[in-house]
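Each chain is listed here by its residues.
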Amino acid sequence: MCSHWVVLAFCCLGQLCADQSLKPQTAAPQLATNNPTLTTIAIEKPFCMFDSSLRPNKSYVIYLYAMKESASAISSLVTDNHGKPLNSTFQQTSGGQLGPYKAASFNVPNCASPPKLADVGDVNEVSGILKQYLFRVGDDVTCLYDPNFLAVCNPPLAPDTTYRFKYVLVDSTEGIMKDQTLWSDPIKTRRVKLPLKIDTWPGRRSGNMIVITSILSVLMFLLLAGLLASVSSAVMGSEVSSGETRGMSQTIQQSEPRPQLSSE
């Protein structure tokens with residue numbers, strides 16, 4: 001009974017129940033903050049989405065495809081004429097510009113035994129639970145440049161760019177697609193903020209304010225420099241005056257006649 005409620009909670013949280021639209025969704029804010037980022041998008045794995053297509057004694061795998069929204073609709077197919085899923089890569093599709101590329105491959109999530117929400121409160125369990133429940137597209141920064149990398153490459157996405165995603169259920173033995181979701185709604189990565197538009201504490205400063213602040217800083221520096229120069233000049237003048245006074249005093253003392261002692 002408890003596991004049933006956990007499954008229901010995950011379905012409602014991720015909106016991935018079978019009776020709802022079958023397409024990838026962005027991760028729930030409770031589980032993925034700051035999403036999307038400049039180069040990554042966290043989406044929920046397909047819990048309970050392909051249950052009706054699974055057959056006993058069969059082995060399945062999930063492929064995740066990604067493409068830019070600007071890609072041609074004609075090139076949005078993810079299988080060939082024989083129903084075999086495409087193995088197009090990030091490089092071959094110019095990062096999804098020319099069509100879908102395979103961004104991930106993982107086992108079918110177990111709908112009967114999803115991650116336990118209660119374990120999210122355990123710091124030691126959070127990372128493992130998130131990996132089971134979420135997939136972050138664009139999370140591999142080294143695969144494009146590693147000649148020994150053999151897995152599916154999932155390189156960073158482009159900032160300020162809209163993407164769509166699709167899950168495909170593949171029969172591992174036959175290598176044929178058995179089911180697929182719709183393409184996701186458009187999901188856009190964040191835009192790089194220009195330096196003048198970045199919020200700074202205690203508030204945003206315009207270009208004019210920055211110029212005014214710079215001018216005032218320079219004037220303050222010149223004022224302080226003038227003040228230091230005046231103080232230094234006054235100190236040096238005082239020392240010179242004191243030296244001259246001592247010199248005159250010594251001269252007067254030397255010029256004064258000394259009294260002669262009378263001899264008896």
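Preceding block: the structure.
Residues numbered from 1 in each chain as written. Predicted model: local features only at pLDDT ≥ 70, side-chain atom pairs only at ≥ 80, totals over all residues. Heavy atoms only, no water.

> How should I be thinking about the nonpolar core in this particular structure?
Within soluble globular proteins, side chains that are nonpolar tend to cluster in buried spots. Membership of the largest hydrophobic core comes to 21 residues, with the highest contact counts inside it found for Ile41, Ile43, Leu64, Tyr101, Val137, Phe165 and Tyr167. Listed by contribution, the elements that provide at least two residues to this core are β1 (41-44), β2 (60-68), β3 (101-106), β4 (134-137) and β5 (162-171). Setting aside its immediate chain neighbours within four residues, phenylalanine 165 contacts Pro24, Ile41, Ile43, Leu64, Tyr65, Ala66, Val137, Leu182, Trp183, Ser184 and Ile187. (Core = buried A, V, L, I, M, F, W, Y, C linked by side-chain atoms within 4.5 Å. Buried < 20%, exposed > 50% of the residue type's maximum accessible area, 1.4 Å probe, protein only. Helix = DSSP H or I, 4+ residues; strand = E, 2+ residues; numbered from the N terminus. Contact = heavy atoms within 4.5 Å.)

> Explain the side chain of asparagine 154 here, please?
Counting through the fold element by element, asparagine 154 comes out in the loop between β4 and β5. Residue contacts for asparagine 154: discarding those within four places in its chain leaves Ala103, Phe135, Arg136, Val137, Gly138, Asp139, Asp140 and Cys143.

> Mind showing me how you'd approach the environment of lysine 84 here?
Within the secondary structure, lysine 84 is located in the loop between β2 and β3. With a relative accessible area of 44%, lysine 84 lands in the partly exposed category. When the C-alpha atoms of lysine 84 and aspartate 171 are compared, they prove to be 9.6 Å apart, with 87 residues separating the residues in sequence. Beyond its immediate stretch of four places on either side in the chain, lysine 84 contacts Val78, Thr79 and Gly175.

> Just checking my understanding: could you explain the state of the cysteines for this structure?
Any covalent bond linking the sulfur atoms of two cysteines counts as a disulfide. Scanning the entire structure with this criterion turns up 2 disulfides. The partner cysteine of cysteine 143 in its disulfide is cysteine 153, sulfur to sulfur 2.0 Å. Negative torsions about the S-S bond denote left-handed disulfides, and the value of about 65° found for cysteine 143 with cysteine 153 makes this one right-handed. With a gap of 10 residues between them, cysteine 143 in the loop between β4 and β5 and cysteine 153 in the loop between β4 and β5 connect regions that are remote in the sequence. In this structure cysteine 153 comes out as buried when scored by relative accessible area, which is 13%. Here the bonded cysteines of the protein chain are numbered in sequence order, and their pairing is 1-2, 3-4. (Disulfide = S-S within 2.5 Å.)

> Where do I start with the pairing of strand β6 (residues 176-180) in this structure?
Along any regular strand the residues' side chains alternate between the sheet's two faces. Direction of pairing for β5 relative to β6: antiparallel, over a ladder of 4 bridges. Directly across from leucine 169, in β6, lies its bridge partner aspartate 179. What sits between β5 and β6 in their antiparallel hairpin is a turn of 4 residues, with glycine 175 showing a positive phi close to 70°. (Pairing = 2+ DSSP bridges.)

> What should I look at first to understand the layout of surface pockets in this one?
It is the rolling of a water-molecule-sized probe over the atoms that shows where space remains empty. What the largest pocket holds in volume is close to 400 Å³. Taken together, 19 residues line the largest pocket, and the ones lying closest to its centre are Lys131, Leu134, Phe135, Arg136 and Asp139. Sorting the residues of the lining of the largest pocket by element identifies β3, α2 (123-133) and β4 as the ones contributing at least two each. In terms of residues, the lining of the largest pocket owes the most to one element, β3, which gives 4 residues. Of the residues assigned to the lining of the largest pocket, the class counts are 12 nonpolar, 3 polar and 4 charged. Looking at the second largest pocket, its volume works out to about 180 Å³. In this structure, the second largest pocket is lined by Asn87, Ser88, Thr89, Phe90, Gln91, Lys102, Cys143, Leu144, Phe149, Ala151, Val152 and Cys153. Residues of the lining of the second largest pocket, tallied by class, amount to 7 nonpolar, 4 polar and 1 charged. (1 Å grid on protein atoms, 1.4 Å probe; cavity = no way out; pocket = protein on both sides within 12 Å on 5 of 7 lines; lining within 4 Å. Points joined across faces, edges and corners; volume = space filled by probe spheres on them. Nonpolar A, V, L, I, M, F, W, Y, C, P; charged D, E, K, R; others polar.)

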